[in-house]
Amino acid sequence: MPNAISTVDPKEIEHHSSLKNFWWNENGEVKPLHTFNPVRLEFVRKGLADIGFESRDPTLPLSGIKIADVGCGGGILTEYLARAGAQVTGIDAATELIDVAKEHVKLDPNISDRVTYFCTTIEEFSQNNEDSYDALIASEVVEHVADPELFLKECVKVVKPGGSIFVTTINKTLAAWLGAIIIVEYICKCVPCGTHQWSKFIAPEEIQHILDKYDCKTELIDGIFFNPLSYQWSFSSYKGIFYALHAVKQKKIDA
């Protein structure tokens with residue numbers, strides 16, 4: 001989109017694309033994303049249940065749900081959602097990561113027919129997919145985009161009225177700077193140094209305010225705790241570092 005407003009930060013694309021060869025190494029540079037999957041799935045499952053969704057198959061708790069995974073990278077969460085029964089479309093602006101995702105999903109014929117990938121931006125994707133998805137997930141993405149409000153506005157467009165938006169990201173606090181950058185990146189080296197910039201972190205109240213503008217009601221904000229020694233994630237009452245937000249779209253928004 002030359003000369004147009006974009007949600008894409010080229011430096012972020014370059015940084016994450018540099019990890020393409022390690023994306024599916026569950027003990028490598030993106031190990032935290034792999035270990036985060038159970039908590040992310042539970043947040044989605046519970047959020048949908050709380051607004052009335054009843055799974056038709058307990059072994060596939062997301063069966064019947066059509067999900068957009070925005071900023072999917074190499075498909076770590078996308079595949080996990082598909083294994084839970086969802087029909088998932090993963091989008092990312094990084095060509096190399098989408099190529100990784102497309103190749104990896106071929107290894108599991110049990111889910112390959114439930115996963116579709118596109119290399120695109122959310123502002124491009126929303127043009128042809130308005131009101132198309134039961135749920136949208138932006139997990140560990142908002143803190144990497146160039147324009148968070150535009151990003152969230154375009155995300156809302158993709159979701160059906162009554163559908164859900166799930167966001168996981170990092171709060172803009174001193175504790176988040178210390179925990180998510182100094183400890184996680186520089187001391188424990190759980191992720192490559194330079195992965196996060198404190199200036200791009202965003203408070204849950206700010207995300208809620210943006211979503212309110214586009215007729216989305218926030219249903220729940222949960223704190224999340226990451227143990228950098230065990231790489232394990234869990235829900236927490238403390239929202240000062242990592243958090244998850246669930247909102248529901250109330251009606252169609254204006255373009």
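An unreviewed UniProt entry annotates the chain as Ubiquinone biosynthesis O-methyltransferase, mitochondrial originating from Ooceraea biroi. In the Sequence similarities (unreviewed entry) part of its UniProt record, the chain is described as follows: "Belongs to the class I-like SAM-binding methyltransferase superfamily. UbiG/COQ3 family." Reading the Cofactor (unreviewed entry) entry of the UniProt record for the chain gives the comment "Mg(2+)".

**Side note on the UniProt feature "binding site: Mg(2+)" (unreviewed entry) in the chain**
With numbering aligned to this structure, UniProt lists the feature "binding site: Mg(2+)" (unreviewed entry) at Glu140, Glu143 and His144. Its place among the elements puts Glu140 in the loop between β4 (133-139) and α6 (148-158). Here Glu140 falls in the buried class, since its relative accessible area comes to 14%. Those residues within four positions of Glu140 in sequence are excluded, and the remaining contacts are Leu33, Phe36, Thr168, Thr169, Ile170 and Phe242. By the element assignment, Glu143 lies in the loop between β4 and α6. When neighbours within four sequence positions are excluded, Glu143 is seen to be in contact with Glu12, Thr168, Thr169, Ile170, His196, Lys200 and Phe201.

**Examining the pairing of strand β5 (residues 159-170)**
With respect to burial, β5 is a largely interior element, 9 of its 12 residues being buried. Across 6 bridges, the pairing between β4 and β5 is parallel. Its bridge partner lying in β5, Ser139 is registered against Thr168. For the segment spanning β4, α6 and β5, crossover handedness is right-handed.

**As for the sheet that holds strand β2 (residues 87-92)**
As summarised here, the arrangement of the 8 strands in space is β3-β2-β1-β4-β5-β8-β6-β7, forming an open sheet in which the pairing is mixed. The open sheet has two edge strands with one neighbour each: β3 (115-119) and β7 (232-236). Within this sheet the neighbouring strands show an average axis-to-axis angle of 20°, counted without direction.

**Re the packing of aromatic side chains**
Centre-to-centre distance and the angle between the planes together describe a pair of aromatic rings. Counting across every chain of the model gives 9 aromatic pairs. Here the aromatic rings of Phe118 and Phe125 are separated by 6.4 Å at their centres, their planes lie at 40°, and the arrangement is tilted. With a centroid separation of 5.2 Å and 75° between ring planes, the pair formed by Trp233 and Phe242 is classed as edge-to-face. Exposure class is identical for Trp233 and Phe242. Each is buried. An aromatic cluster is defined as three or more aromatic residues linked by ring pairs; in this entry it consists of Phe36, Phe226, Tyr231, Trp233 and Phe242. Sitting over the ring of Tyr231, Lys31 keeps its end group 4.4 Å from the ring centre. Above the ring of Tyr133, the side-chain terminus of Lys66 is found at 4.7 Å from the ring centroid.

Criteria and cut-off values
- Residues numbered from 1 in each chain as written.
- Predicted model: local features only at pLDDT ≥ 70, side-chain atom pairs only at ≥ 80, totals over all residues.
- Heavy atoms only, no water.
- UniProt positions renumbered as here; feature names shortened; annotations may be inferred.
- Helix = DSSP H or I, 4+ residues; strand = E, 2+ residues; numbered from the N terminus.
- Buried < 20%, exposed > 50% of the residue type's maximum accessible area, 1.4 Å probe, protein only.
- Contact = heavy atoms within 4.5 Å.
- Pairing = 2+ DSSP bridges.
- Right-handed = clockwise from strand over helix to strand, strands pointing away.
- Axes fitted to C-alpha atoms, helices over the stretch in contact; angles between N-to-C directions.
- Phe/Tyr/Trp six-rings, centres within 6.5 Å; stacked < 30°, edge-to-face > 60°.
- Lys NZ or Arg CZ within 6 Å of the ring centre and 35° of its normal.

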